[in-house]
Amino acid sequence: MASQSQGIQQLLQAEKRAAEKVADARKSESLGKARRLKQAKEEAQMEVEQYRREQEQEFQSKQQAAMGSQGNLSAEVEQATRRQIQSMQSSQQHSREGVLAQLLGMVCDIRPQIHPNYRIAA
C-alpha cells in the first residue's frame, strides 16, 4: 500500500507540475499576445502618422499652388494700381499750372453786364 500511495503522490505531483506548466504556457501566451497587440498597435500608429504627414504635405503643396497663383494675381493688381496712381500724379503735376491760371483768370477778370432776363421797368 505504501508503494501505491507513493505512486499516487507522484501522480498528484506530476499533475500539479503539468497544471503549472499549462498555466505558465497560458501566461506566456497571453503575454505574447499582449506584446504582439502592442507591437501591432505601434505599427498601426506609425502608419497613421506617416499617412497624415503625406496628406498634410500634399495639402500644403496644393495650397501653395493655389495661393501662389493668387499671390501673383494680387501682385499684378497692386503693380497696375501703382502705375495708375503714378500716371494720375504726373498728369496732375503737368496740368496744375494751367488749371490754376485759368481759375485765377476767371475769378479775377470780372466783366459786369446786365442779365438777359432783366427787364427795365418803364
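Here's a quick rundown of the structure. All of these numbers come straight from a predicted model, not from anything done at the bench. (Residues numbered from 1 in each chain as written. Predicted model: local features only at pLDDT ≥ 70, side-chain atom pairs only at ≥ 80, totals over all residues. Heavy atoms only, no water.)

**Describing the overall build of the protein**
Phase 1: In terms of regular secondary structure, the protein is built from 1 helix and 0 strands.
Phase 2: Here the C-alpha atoms of the protein give a radius of gyration of 51 Å, more than 25% beyond the 14 Å that 2.2 N^0.38 yields for 122 residues.
Phase 3: Overall, the C-alpha framework of the protein stretches about 170 × 40 × 20 Å when taken along its three principal axes.
Phase 4: The buried share of the protein, taken over its 122 residues, is 1%. (Helix = DSSP H or I, 4+ residues; strand = E, 2+ residues; numbered from the N terminus. Rg over C-alpha atoms; globule rule 2.2 N^0.38 Å. Buried < 20%, exposed > 50% of the residue type's maximum accessible area, 1.4 Å probe, protein only.)

**As for the pattern of salt bridges**
Phase 1: Scanning the model with the defined rule gives 4 salt bridges in all.
Phase 2: Residue glutamate 58 pairs with lysine 62 through a salt bridge whose shortest N-O separation is 3.4 Å. Of this pair, glutamate 58 and lysine 62 both sit in helix H1 (residues 2-108), 4 residues apart, which is roughly one turn of that helix.
Phase 3: Judged by its relative accessible area of 54%, lysine 62 falls in the exposed class.
Phase 4: With a shortest N-O distance of 3.2 Å, arginine 111 and aspartate 109 are connected by a salt bridge.
Phase 5: Owing to a relative accessible area of 65%, arginine 111 belongs among the exposed residues under this scheme. (Salt bridge = Lys/Arg side-chain N within 4 Å of Asp/Glu carboxyl O.)

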